[in-house]
Amino acid sequence: MFGFSLTKEQKMVKASFAEVVRDIVAPNAHDMDENREIPAEYLEKAWELGACVAAVPGEFGGDGMEYSPMLNAIVLEELAAGDMAFAVAAMLPSVFINPVLEMGTDSQKKKYLPGSCGEKYQSSTAAVCEPRLDFDAMSLAATATKKNGSYILNGAKCFVPKAASAPNILVAAQLDDKPQLFIVKAGTPGLEVGQREKNIGLYALDTYEISLKDCQIPAENRLGGEEGCNYARFIQKGRAAVAALAAGECRASFEQARDYAKKRVQFGEPIAYRQSVAFMIAEMAYEVDCIRLLAWKAASALEVGRDATRDAYLAKIYAGETAMKVCDYGVQVLGGHGYIRDYPQERRYRNSRGVATWEGLATV
Amino acid sequence: MFGFSLTKEQKMVKASFAEVVRDIVAPNAHDMDENREIPAEYLEKAWELGACVAAVPGEFGGDGMEYSPMLNAIVLEELAAGDMAFAVAAMLPSVFINPVLEMGTDSQKKKYLPGSCGEKYQSSTAAVCEPRLDFDAMSLAATATKKNGSYILNGAKCFVPKAASAPNILVAAQLDDKPQLFIVKAGTPGLEVGQREKNIGLYALDTYEISLKDCQIPAENRLGGEEGCNYARFIQKGRAAVAALAAGECRASFEQARDYAKKRVQFGEPIAYRQSVAFMIAEMAYEVDCIRLLAWKAASALEVGRDATRDAYLAKIYAGETAMKVCDYGVQVLGGHGYIRDYPQERRYRNSRGVATWEGLATV
Amino acid sequence: MAFLEPPPDLIKVREGMHNVSASMLRPIARKYDEEEHTYPKELDAFRGIQVMGRPKKKKDGEKKDKPKDPNKIGQNLGTIVTVEEMCWGDCGLMLSIPNAGLGNAAIAAVATDEQLERFGKKWAAMAITEAESGSDAGSISTTADLDGDSWVLNGEKIFVTCADRCDCVVVWATVDKEAGKAGIKSFVVEKGTPGFTLDHLEHKLGIRASDTGTFVLNNCRIPKENILGSPEVKQTTEGFKGVMKTFDNTRPMVAAMSLGVARASLDLTREKLEQAGEKLDYSKNPNNCSARQKDYYMAEATLEAMRLLTWRAAWMADNGDFNNLEASMSKAKAGRGGTLITQKCSEILGPLGLTTKELSEKWMRDSKILDIFEGTGQIQHLIIARNVLKLSRSQLQ
Amino acid sequence: MAFLEPPPDLIKVREGMHNVSASMLRPIARKYDEEEHTYPKELDAFRGIQVMGRPKKKKDGEKKDKPKDPNKIGQNLGTIVTVEEMCWGDCGLMLSIPNAGLGNAAIAAVATDEQLERFGKKWAAMAITEAESGSDAGSISTTADLDGDSWVLNGEKIFVTCADRCDCVVVWATVDKEAGKAGIKSFVVEKGTPGFTLDHLEHKLGIRASDTGTFVLNNCRIPKENILGSPEVKQTTEGFKGVMKTFDNTRPMVAAMSLGVARASLDLTREKLEQAGEKLDYSKNPNNCSARQKDYYMAEATLEAMRLLTWRAAWMADNGDFNNLEASMSKAKAGRGGTLITQKCSEILGPLGLTTKELSEKWMRDSKILDIFEGTGQIQHLIIARNVLKLSRSQLQ
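On a predicted model such as this, the values are computed, not experimentally measured, just so you know.

## Concerning the overall build of chain C
Along its length, chain C carries 11 helices and 8 strands. Over its C-alpha trace chain C gives a radius of gyration of 21 Å, about what one expects of a compact globule, namely 21 Å for 397 residues. Counting all 397 residues of chain C, 64% fall into the buried class. Partitioning the contacts of chain C with sequence separation of at least 6, the portion at a separation of at least 24 is 74%.

Listed below in structure tokens is the structure:
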């Protein structure tokens, strides 16, 4: 039913993730960033709440709940309000699980889902982005060619989270003129995982460039089998997810700016009393809502199975531009204090730049 | 010599045009706009000061002074601060005179300049813009084809000031792959001047669409004769001129907003005391300077004959975007009063939208 | 629940109103832009349709029933969708639709059932602004003095929409200057009342189809029952807040106007882009598109964001939720966003964005008022900031 | 005269400094971004070069000679051009160049010839900000008490650039708290002075090659002659204005830093665009270009505007003109513009804008400080607004 307020269930799920954020993610976000590492036990706290596997049927080891992109959007926002790198890491299994669940063949589901839903997830991952100026998720440079019952993959990918430890990578590649997804097992000859990347943001998350050189995989590893998968839908879910992540990052930036402005006294009064500061905060407030509502709109369309091409696209480009602006304001309100790493605003500034660029890093 | 302050001569010229603006242009701008007409006697006041003909050698009826794009930029700004339509109309003769003077053959100079420098100018004009979404001054849809010692012109032009009364129109058309300028005499068969246009701005200036259908002109009417002209330089001068016009329009908008904000009392104090208003005015102040300085930089390059492609281009696109913003703020500061035609801010809002689009409407 | 797929009822309203707008308003949009101040007689077709109606109140304070059928939408959301569609057709004409004035909205919001009976079917304009009182509505100087069974009003009101065409005007006046904002009340003044004169109409940048005028009230005597809300002057500013609460309804409506005008601009731009061979497909990296396409996509995303904020504010009102913050958010974002979108469209349309042969230039002029009236963008930001920062008026001025 | 063709001397300075920057700074830019707080020993090559020098003063109040040779440029403009080129190489490293601290600029601006003699060749940092006093420099609480032939300083200073590496620090302190701003003076405190301790260095978003630190002054005793300017506390705020006047010199310098960083970003973007087959020619209607090209052109136009404002402020200083307004304009525009340009470049470079394999991501981090230090964008707008509106501090707070 159309509406803007959370149901009891949505509120409950949100609250449970908010608790993890308050107790574990937020207090440790600075150290995770500086140490370039997310301790496994923190991630397990999120996984205990059913992140990623809620919608997997019981037979495959999941919770068998209804798959809800809307609920995923809510969870992504909540986690990203604590730390975006943590949010991506915590929800990473789902970029593999969700497509397999929704678009995989029966045998793919049987083969991959149970292993992904154990007590400790095997963090499978997806490889969509490519290291080039004009990277385009809908028109890939990586290629797949069918040959003697196999697919031969070639190309380079970047921003692949946990590629070094993932048992499987869902690789996006162009098959003829159509992008498709392929499951590439770790260790497949021709798959090379590079050094851990260093990027502007998400310091805590280990991501990698990978290269595929005549990497041969069995034909059955094409997601959806011979008929393939609805790749566009996969991308739409990723776009809605990135917008939801941005909503969380921006909300946290807004909240810190708001609280700081009320406490910080300059010229005899809290800086919040100055219109130039207060109006920035007002703008941040409604822009956070804009990003969230656009993410929700796309997620709602995905939930009912309506074509979400336009909604997901608009949500992502809006979030890409606006998250940068909001997190910039977030630093600006704090002035010099926003520039030092003791305050999370500086991390948000760095993380927010990726929103416009990332594809396939998370899913709703 | 490099510098940012006006010379004595520049100051004098500026002051003399400022006087015309103060006494005639500004007080009558509203009526000219509403009546869609600029009385000839007002224009003559500007022409008496040597606008347009200062640089024409005495032998052709001009004042024989050194041609100075910088000085023209100063004059354009000054006039546009009074009214942009008036500024274009007053300087219109120069869009014909300057190219002929600078790039015409000797016989073209002899033929056209004296007639343009009489006591009352014959307002010749130029036709560059074309009525299409993707109009591009450097790649025209209008064509010129050489045939039996004549050029045959075809195409449609818009925003041609005074086309209905101009004795000659300098028409920009593509000759092979190269845009060039052609002098088309009023009444030439195939030249059709349409109804007076109605546009968002410059209500006071009469502009026209013209169409050229197999319009045949003698070969000697190609500007610069057989060798043609430096069309790019013509466009650069137009771009610098549009930026200078924008500087004037924006300066006036800034000044009115500034003065209004100091007088207008709301919530017990002048609205200028509020940062949201004051910061808009601060931004307007330096953006006016940005536009002016960019126009000056292009004009300086043109003055010494250096290639001004980049400078003129950047000046125009900056002015196009920024003039709209400044004049929008100008309305906003006045609130409801900015929206009614009793205040010049509403006219500036309309006029400023053309800056990004116009080409060849004025020259430095 | 949080779920934003537009319900079927909303789509039905939208489609219906779109057809009305496309067939009745859009075709005459340019005509009445040019014939400023001429009453668009075609709008008589709307007479008798109660656009700003409301169900009769149960009792004061009682919460309105929430809509029960999940496919149905509430009154406020319905109005928002209607307003967007009408303004897609033409904003100036929409503002001129008989019986759909802001005064009607004010009456619908706070009138007693008896007042609704008397004024509900009249065309009511809204008169708040004075020459020296724009954003600062609390400083108005028009007075209303109780004299027996009448209120006697004196003052001057500017920027009244539908000044010439309306049947009555909701006038803000103070019953007690000493009391400041607490003394401000609103009154219904009917046309033809002695002492109530339309002084002149304004020539405007846009929405020229709409007649904006100045009224003079000179010992204008109206029945005692014409006051909206309680005549009592409380020590608190509760009363003024009540009057200001009208804005929580009207601000999302102005936001919706901006949606309509901006969408009209974008629709034309898309049409022209497609004519020029640029097909939009909402999939490519926007940086791999043409400059026009990227600008278009960004503008459309902004429109979508504006719309969601506006729908939210209306939806909250339908659910009886206090939406002061969300109403101002929708107005702040949509007022500014619409202004920028229509400016951008006129830029990317090149020469077609400047000529009156297309409506783009008009929409750019029309939309600018939506960043100004019913509280400028600056005022909206003040309200939002005070809300989210929990600051008083004196702390954040 | 109003004439903006860069004179040959300027071009010579620019080319010379560009080569220095390209060969000495750019190659080590990433290294010292990663090795935060490590002193870039390569910068020792700059020791002995007096970057922030000035000719000896004639007499107080006497106007400096204007440069006579039309091909020559003044000291300030020369510095501006130098700073842009150096920051094109690397802003963090530029801030770490020995003897080129903001303290050196302060000394160069107001020191007596005797002080210039003593401190002119030392590396001088600048310590203004305190934990509770950022934009509000007038509220600093560090104290300086005259005790015989010494000043005794007490307090804590944060965000001091070159904290670890400098030889001395120009410290702002109040000699009379009651006097408010009038009591604020600046003092040169040399490293090694007892009671003067570097507490810690900050980890920052950008300019990581630059060491930013916190100093504690605990009964720190310095010679009486170490005060810059007059020790007298006047009833007026003239003295404070004098101290603040330093900013009229340093703000255009910060603006110039922003020019350098933003240009670096644009240069990389152009290079990558051209590698991808998109040639820039500065002629087409920008709406007929690709989205990346239009964004690039707009950003470059903004850079040009920033530069002209900055050159103007410096040129005025060279001509002895009061440039308080123009200095703030340059800082306001360039600080914000550089931030936006570098953000935009990292966007249009796609994945290349995020990876540390390219410097774009770094420039985006570096440039953000230039919208903050030496007066945030908000403070600059305040100054500009007060100037153009002729409002006092109390009128426009």
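## Quick word on the pattern of salt bridges
Per the counting criterion, the structure on display carries 128 salt bridges over all chains. Across the pair Arg22(B) and Asp23(B) runs a salt bridge, and its minimum N-O distance is 3.0 Å. With a relative accessible area of 57%, Arg22(B) lands in the exposed category. Residue classification places Asp23(B) among the partly exposed positions, given a relative accessible area of 42%. Two residues, Asp371(D) and Arg336(D), come together in a salt bridge whose shortest N-O distance is 3.1 Å. Of the two residues, Asp371(D) sits in the loop between helix 10 (360-368) and helix 11 (377-389) while Arg336(D) sits in helix 9 (residues 324-348), which places them 35 residues apart along the sequence. Judged by relative accessible area, which is 2%, Asp371(D) ranks as buried.

## Topic: the domain arrangement of chain A
Quite often, the size of an interface is put as the accessible area lost when its parts meet. Residue and element names in this part refer to chain A. Domain boundaries assigned for chain A yield domain 1 (8-116), domain 2 (125-227) and domain 3 (231-352). Each of domain 1 and domain 2 has a C-alpha centre, and the two are 22 Å apart. Listed as interface residues are 19 residues of domain 1 and, on the opposing side, 19 residues of domain 2. When the two sides are added together, the surface that domain 1 and domain 2 hide from each other amounts to roughly 1600 Å², 71% of it contributed by carbon and sulfur. Linking domain 1 to domain 2 there are 0 salt bridges. Taken together, the connections running from domain 1 to domain 2 amount to 5 residue pairs in polar contact (both at pLDDT 80 or more). Broken down by secondary-structure element, the contributors of at least two residues to the side of domain 1 that touches domain 2 are helix 1 (8-35), helix 4 (84-103) and helix 5 (106-116). In terms of residues, the side of domain 1 that touches domain 2 owes the most to one element, helix 4, which gives 10 residues.

## Remarks on the interface of chain D and chain B
Every contact between the two is made by 44 residues of chain D and, on the other side, 47 residues of chain B. Both sides together, the interface formed by chain D and chain B hides about 4600 Å², and carbon and sulfur atoms give 68% of it. It is Met1(D), Ala2(D) and Leu4(D) in chain D that bury the most area against chain B; as a group they hold 16% of the surface buried on that side. Seen at the junction of chain D and chain B, the total is 6 salt bridges. With its nearest N and O atoms 3.1 Å apart, the salt bridge here joins Glu304(D) to Lys297(B). At the boundary of chain D and chain B, one finds 22 residue pairs in polar contact (both at pLDDT 80 or more). Where the side of chain D that touches chain B is concerned, the elements lending two or more residues are helix 8 (291-318), helix 9 and helix 11 of chain D. In terms of residue class, the side of chain D that touches chain B is built from 28 nonpolar, 8 polar and 8 charged.

## Some words on unusual backbone geometry
Positive phi is not limited to glycine here, since Lys162(A) has a value of about 55°. With respect to the helices, strands and loops of the structure, Lys162(A) is situated in the loop between strand 3 (150-161) and strand 4 (168-175).

## Re the pairing of strand 7 (residues 212-223) of chain C
Every other side chain in a regular strand lies on the same face of the sheet, so the side chains alternate between the two faces. Residues and elements named next belong to chain C. In the sheet, strand 3 (residues 150-161) pairs with strand 7 via 9 bridges, with the strands oriented antiparallel. Paired with Thr161 across the two strands is Thr212, which belongs to strand 7. Relative to strand 7, strand 6 (residues 196-201) runs antiparallel, the two being bridged by 5 bridges. Opposite Thr197, over in strand 7, you have Val216 as the bridge partner.

## Comments concerning the side chain of Arg251(B)
Residues and elements named next belong to chain B. Residue position: Arg251 is located in helix 6 (residues 231-263). Separated by 2.8 Å, the side chains of Arg251 and Glu77 make a polar contact. There is a polar contact of 3.1 Å between the side chain of Arg251 and the side chain of Glu78.

## A short note on the packing of aromatic side chains
The full count for this structure, using the stated rule, is 24 aromatic pairs over all chains. Seen in terms of ring centroids, Phe2(A) and Trp311(C) are 6.0 Å apart; in terms of plane orientation they differ by 70°. Their pairing is edge-to-face. With Phe2(A) in the segment before helix 1 and Trp311(C) in helix 8 (residues 291-318), this pair bridges two chains. With respect to burial, Phe2(A) and Trp311(C) carry one shared label: buried. Between the NZ or CZ atom of Arg26(C) and the centre of the ring of Trp88(C), over which it lies, the distance is 3.9 Å.

## Re the domain arrangement of chain C
Residues and elements named next belong to chain C. The domain architecture assigned to chain C consists of domain 1 (8-56 + 71-107), domain 2 (123-234) and domain 3 (243-389). Here the C-alpha centre of domain 3 lies 30 Å away from the C-alpha centre of domain 2. The interface of domain 2 with domain 3 comprises 11 residues on the first partner and 11 residues on the second. For the pair domain 2 and domain 3, the two sides together bury roughly 870 Å², of which 74% comes from carbon and sulfur. In terms of surface lost to domain 3, no three residues of domain 2 exceed Trp172, Leu205 and Ile207, which account for 48% of the buried area on that side. Our enumeration of links across domain 2 and domain 3 arrives at 0 salt bridges. The interface formed by domain 2 and domain 3 includes 2 residue pairs in polar contact (both at pLDDT 80 or more). Of the residues contributing to the side of domain 2 that touches domain 3, the split by class is 6 nonpolar, 3 polar and 2 charged.

## Quick word on the state of the cysteines
Throughout the structure, instances matching the rule amount to 0 disulfides over all chains. Cys158(B) provides the cysteine sulfur closest to Cys129(B), a residue in no disulfide bond, and the two sulfurs are 5.4 Å apart. With no disulfide of its own, Cys345(C) lies 16 Å from the sulfur of Cys91(C), the closest cysteine sulfur. Classification of Cys345(C) by relative accessible area gives buried; the value is 1%.

## Points about the side chain of Asn351(A)
Tracing the backbone through its elements, the reader meets Asn351(A) in helix 10 (residues 345-352). What Asn351(A) contacts, discounting residues up to four positions off in sequence, is Asp83(A), Met84(A), Gly201(A), Leu202(A), Glu249(A) and Trp358(A).

## Examining the environment of Ala327(D)
All names here are of chain D. Relative to the assigned elements, Ala327 resides in helix 9. Judged by its relative accessible area of 0%, Ala327 falls in the buried class. Look past the residues within four positions of Ala327 in its chain and what remains in contact with it is Asp248, Arg251, Pro252 and Ala313.

## Some remarks on the confidence of the model for chain C
Counting all residues, the mean pLDDT for chain C is 91, and 92% of those residues have values of 70 or more. The ipTM value of the predicted complex is 0.96, and its pTM value is 0.96.

## Quick look at the interface of chain C and chain A
Chain C puts 44 residues into the contact, and the matching count from chain A is 47 residues. Both sides of the chain C and chain A interface together cover about 4600 Å² of buried area, and 68% of this is carbon and sulfur. Taken together, chain C and chain A are joined by 6 salt bridges. In this structure, Arg312(C) engages Asp289(A) in a salt bridge whose closest nitrogen and oxygen atoms are separated by 2.8 Å. Inspection of the chain C/chain A interface yields 22 residue pairs in polar contact (both at pLDDT 80 or more). Here the element with the most residues in the side of chain C that touches chain A is helix 8 of chain C; it accounts for 12 residues. Of the residues that constitute the side of chain C that touches chain A, the class distribution is 28 nonpolar, 8 polar and 8 charged.

## So, helix 1 (residues 8-25) of chain D
All names here are of chain D. The terminal C-alpha atoms of helix 1, which comprises 18 residues, lie 25 Å apart, in line with the 26 Å expected from a rise of 1.5 Å per residue. Buried within helix 1 are the following residues: Asp9, Leu10, Ser21 and Leu25. When helix 1 is viewed along its axis, its buried side chains cluster within an angular range of 95° and face the same direction. Those residues of helix 1 that are exposed and angled more than 90 degrees off the buried face are Lys12 and Asn19. Against helix 2 (29-34), helix 3 (75-89), helix 4 (91-94) and helix 8 lie the buried residues of helix 1.

Thresholds applied
- Residues numbered from 1 in each chain as written.
- Chains lettered and ligands numbered in written order.
- Predicted model: local features only at pLDDT ≥ 70, side-chain atom pairs only at ≥ 80, totals over all residues.
- Heavy atoms only, no water.
- Helix = DSSP H or I, 4+ residues; strand = E, 2+ residues; numbered from the N terminus.
- Rg over C-alpha atoms; globule rule 2.2 N^0.38 Å.
- Buried < 20%, exposed > 50% of the residue type's maximum accessible area, 1.4 Å probe, protein only.
- Contact = heavy atoms within 4.5 Å.
- Salt bridge = Lys/Arg side-chain N within 4 Å of Asp/Glu carboxyl O.
- Domains from an automatic or database assignment.
- Buried area = accessible area lost by both parts, 1.4 Å probe.
- Polar contact = N/O pair within 3.5 Å; in protein donor to acceptor, adjacent residues only side chain to side chain.
- Nonpolar A, V, L, I, M, F, W, Y, C, P; charged D, E, K, R; others polar.
- Pairing = 2+ DSSP bridges.
- Phe/Tyr/Trp six-rings, centres within 6.5 Å; stacked < 30°, edge-to-face > 60°.
- Lys NZ or Arg CZ within 6 Å of the ring centre and 35° of its normal.
- Disulfide = S-S within 2.5 Å.
- pLDDT = per-residue confidence, 0-100.
- Expected span 1.5 Å × (residues − 1).
- Arc of directions from axis to C-beta.

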